[in-house]
Amino acid sequence: MLILLLLCAGLCLCWIPHGTPAARERISIARWPEYFRRSKDEAQQNLARDAQCLRELAALLRSGMLFDQAAQALLEVRSEASPILTALRGIQAHAKLEQHHHGALGGQQTSSVRRLLWCLKLSSHSGAPLAQVLDQLAQDLEADLEAMQSFDAAMAGPRATTKLLTWLPMIGLGAGFIFGIDLLHTLTTSPAAQLSVAGGVVLWSVNRLWCRRLLSSATAQALT
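Residues numbered from 1 in each chain as written. Predicted model: local features only at pLDDT ≥ 70, side-chain atom pairs only at ≥ 80, totals over all residues. Heavy atoms only, no water.

## A word on the confidence of the model for the protein chain
So, step 1. Scored by pLDDT, the protein chain has a mean of 75; 73% of the residues are at 70 or more.
So, step 2. Per-residue pLDDT, averaged within each element of the protein chain, yields its smallest value for helix α2 (residues 21-28) (41) and its largest for helix α5 (residues 67-77) (90).
So, step 3. Ignoring residues within four places in sequence, the model shows residues 1-7, a span with pLDDT below 50, making six contacts including any to other chains.
So, step 4. Within the model, pLDDT remains below 50 along residues 13-37, and this stretch shows 53 contacts once partners closer than five positions in the same chain are excluded. (pLDDT = per-residue confidence, 0-100. Helix = DSSP H or I, 4+ residues; strand = E, 2+ residues; numbered from the N terminus. Contact = heavy atoms within 4.5 Å.)

## Some details on a nonpolar patch on the surface
So, step 1. Taken together, the side chains of Leu164, Leu165, Trp167, Leu168, Met170, Ile171, Leu173 and Phe177 present a nonpolar region at the surface, about 780 Å² in accessible area.
So, step 2. Summarising the element assignment, Trp167 is placed in helix α9 (residues 130-178). (Patch = residues over 30% accessible without salt bridge, like charges linked within 9 Å, V, L, I, M, F, W, Y side chains within 5 Å. Areas by Shrake-Rupley, 256 points an atom, 1.4 Å probe, with all protein chains shown as cover. Salt bridge = Lys/Arg side-chain N within 4 Å of Asp/Glu carboxyl O.)

## What to know about the side chain of Ser82
So, step 1. Inspection of the secondary structure assignment puts Ser82 in the loop between α5 and α6 (83-92).
So, step 2. You can call Ser82 buried: its relative accessible area is 3%.
So, step 3. Side chain to side chain, Ser82 and Asp50 meet in a polar contact 2.6 Å long.
So, step 4. If sequence neighbours within four positions are ignored, Ser82 has contacts with Arg49, Asp50 and Cys53. (Buried < 20%, exposed > 50% of the residue type's maximum accessible area, 1.4 Å probe, protein only. Polar contact = N/O pair within 3.5 Å; in protein donor to acceptor, adjacent residues only side chain to side chain.)

And the structure:
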């Protein structure tokens, strides 16, 4: 019974959320908090779309269009899902820039949308060319995307090692069954085998927690 309880406790660790509350809080205030709550693929696609939309919007502004005209022209040719495009649709529903920042978009805004609103406010108050500001924002988003991709590539090895160490004991048990070892009988009749399994479960659990702590700490430090 003790062995079964230890096994269940160890397996439950697979479903414990990654990282300590402090580590999760550090990640939540990082530069890409909204993107990391989504899948990595969706996050990178959104960054790429947002950067491209900003580049096109800046090009339209340089052609001589006003912001509202440029936004409308962009929305007429692009209908895919994108935080920036969604924000532009909300902005188009209101006439004054002051309304944009004070609730026109409502709900939870992504980092790129908040930075877009900041750029619009900055250009409106300072007279800075909006096209150049948007180009710089697009460049920043592209740098974010490149950093995310580099981080994922750097963390691929440690994550793979963690998964291997997690499932290695199960692979060993499976190999025992394949080679004809009566594991069930051995575990129920041999105190030494039971003690070995109990120690293995404890070590496996400690390794699982330690690996998660290291990955969470590395992620939090990379994103802050």
